[in-house]
Amino acid sequence: MVNDLAFEAAQTIRTRRPDFLPRAAIILGSGLGSLADRMEDASSIGFGDLAGFPVSTVQGHAGELVLGKLSGVPVACLKGRAHYYEGYGAGVMTSAVRTLKLLGCELLLATCAAGSLRVEVEAGSLVAITDHINLLPGTPLIGPNDDRFGPRFFSMANAYDQALRDILKATAAAKQISLHEGVYLACPGPNFETAAEIRMMRTLGADLVGMSMVPEVISARHCGLRVVGVAVVTNLAEGLTTVALTHEQTLENAAMATTDLVALIHAFVQRIAQSATIPT
Ligand code: HPA
């Protein structure tokens, strides 16, 4: 994808908040938007006013960029995202991610709701994502490469940054917040998976299943943003539970884990900001 939309959106944001220099970007997944309500000195811009940003069609995914401070640290927070299943293609978040990079963000903390493939990791659990498996029928960077953001071919080694994850784990331990680790597998949705598909995914090595995350992470790694991924388990995956899977349940259970997630993100951002450069 080669166009100037990310530059245009970055200019719009700079015009509205000329002195605002975010250090970190945060994407809030389904039902996790309340973190943005706790930001200090916050102002928001609807995705519709930002070139290249998607206008999400899903309930629970209000699309706005919130600029403000978390524990005194300037962050740019995407409240809502768009998904492959909405029909825009896997590159739907690429321009928004590049805008965050252009604003000066050094890292992307991406959150999402997910189903758990491990019965011991129950609804309401937080999971640090260690790696992913892309089973979407596409990837975000198909088409001409935009060399201004990154190279044509690039590595996905350490895509979910080990050093940052170590800090996240230490932060969780200090706050006495339980944090699991696992591999996230992306499915296209919008249907939840069948029980047979979940059995296949377990064989493939997945711990979590969801319908987002992967396109943003690939786009972020391409343009050099370091990534931390945190999933909120909203349900046990199909076949591991007799509870029927619904989007309402996703939103309700995401809200259940919000207190811990908000505390974790606050403390993590604070720790990161204490160092002049983010530890490698
Ligand atoms: N499957 C896919 N996506 C999800 C799930 C699930 O079980 N739960 C939350 N997002």
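Each remark here, short or long, concerns the structure printed above.
Please read all numbers here as calculations on a predicted model, not as lab measurements.

Draft legend 1. Here's a closer look at helix α6 (residues 214-222). Most of α6 sits inside the fold, with eight of its nine residues counted as buried. For α6, the complete set of buried residues consists of Val214, Pro215, Glu216, Val217, Ile218, Ser219, Ala220 and His222. Contacts from the buried residues of α6 go to β1 (24-28), α3 (94-102), β5 (107-116), β6 (126-134), β7 (179-186) and β9 (226-236). One or two steps after α6, the chain reaches Gly224, where phi turns positive at roughly 85 degrees.

Draft legend 2. Quick look at the site of the ligand. The full set of residues close to the ligand is Ala113, Ala114, Gly115, Phe192, Glu193, Val209, Gly210, Met211, Thr234, Asn235 and Leu245. Measuring from a nitrogen atom of the ligand, one finds a backbone N or O atom of Gly115 at 3.3 Å. The separation between a nitrogen atom of the ligand and a polar side-chain atom of Asn235 is 2.7 Å. A total of three residues in the shell around the ligand trace back to one element, the largest contributor, which is β5. Looking at the shell around the ligand, its residues break down into six nonpolar, four polar and one charged.

Draft legend 3. Seen up close, the environment of Gly52. Along the chain, Gly52 falls in the loop between β2 (40-46) and β3 (64-70). Considered as a pair, Gly52 and Ala173 are 121 residues apart in the sequence and their alpha carbons are 38 Å apart. Among all residues touching Gly52, those that are not within four sequence positions of it are Leu5, Val92, Ser95 and Ala96.

Draft legend 4. The packing of aromatic side chains, seen in detail. On inspection of all chains with the given rule, the structure shows two aromatic pairs. Here Phe7 and Phe149 contribute two aromatic rings whose centre-to-centre distance is 5.5 Å and whose plane-to-plane angle is 50 degrees, an arrangement assigned as tilted. Residue Phe7 is found in helix α1 (residues 5-16), and its partner Phe149 is found in the loop between β6 and α4 (162-174); the two are separated by 142 residues along the sequence. You can call Phe7 partly exposed: its relative accessible area is 33%.

Draft legend 5. Inspection of unusual backbone geometry at higher detail. With an omega of 0 degrees, the peptide bond running from Gly189 to Pro190 counts as cis. Residues other than glycine seldom take positive phi values, yet Ser71 does so here, at roughly 50 degrees.

Draft legend 6. View of the pattern of salt bridges. If you walk through the whole model with that rule in mind, you get 13 salt bridges. The closest approach of N and O atoms between Asp49 and Arg16, which form a salt bridge, is 3.6 Å. Of the two residues, Asp49 sits in the loop between β2 and β3 while Arg16 sits in helix α1, which places them 33 residues apart along the sequence. According to the relative accessible area criterion, Asp49 is partly exposed, its value standing at 48%. When the shortest N-O distance is used, the salt bridge between Arg226 and Asp161 registers 2.8 Å. Residue Arg226 is found in strand β9, and its partner Asp161 is found in the loop between β6 and α4; the two are separated by 65 residues along the sequence. As far as the burial class goes, Arg226 and Asp161 line up, both buried. If you follow the salt bridges from partner to partner, you end up with Asp4, Asp146 and Arg148 in one network.

Draft legend 7. Representation of the nonpolar core. Counting residues in hydrophobic clusters, the biggest one holds 48 residues, and the most contacted among them are Leu65, Leu78 and Tyr184. With residues near it in sequence (within four places) discarded, Leu78 still touches Ile26, Ile27, Leu28, Phe47, Phe53, Glu64, Leu65, Met93, Ala96 and Leu100. If you look at the next biggest cluster of nonpolar residues, it comprises 34 residues, including Ile26, Ala36, Val66 and Ala254.

Conventions used here
Within any chain, residue numbers begin from 1 and follow the written order of that chain's sequence. Reporting in this predicted model follows two pLDDT cut-offs: at least 70 for local features of residues, and 80 or more for side-chain atom pairs to be given and counted; totals over whole chains, interfaces and linings ignore these cut-offs and use all residues. Neither water nor hydrogens contribute to the side-chain values; these are computed over all heavy atoms in the structure. Throughout, exposure labels follow a simple rule: accessible area from a 1.4 Å probe, protein chains only, divided by the maximum for the residue type, with under 20% read as buried, over 50% as exposed, and the rest as partly exposed. Numbered from the N terminus, helices here are DSSP runs of H or I no shorter than four residues, and strands are runs of E no shorter than two. Here, two residues are considered to be in contact whenever any of their heavy atoms come within 4.5 Å of each other. By convention in these notes, a residue is near a molecule or strand provided one of its non-hydrogen atoms lies within 4 Å of it. What qualifies as a polar contact is a pair of N or O atoms within 3.5 Å, subject to a donor-acceptor requirement within protein and to the restriction that residues adjacent in sequence count only when both atoms come from side chains. Charged means Asp, Glu, Lys or Arg here, nonpolar means Ala, Val, Leu, Ile, Met, Phe, Trp, Tyr, Cys or Pro, and polar covers whatever is left, Gly included. The criterion for an aromatic pair is that two Phe, Tyr or Trp rings (for Trp, the six-membered ring) have centres within 6.5 Å, with stacked assigned to planes under 30 degrees apart, edge-to-face to planes over 60 apart and tilted to the rest. The salt bridge definition used is simple: a Lys or Arg side-chain nitrogen within 4 Å of an Asp or Glu carboxyl oxygen. Put simply, a nonpolar core is a bunch of buried Ala, Val, Leu, Ile, Met, Phe, Trp, Tyr and Cys residues held in one set by side-chain atoms that sit within 4.5 Å of each other.

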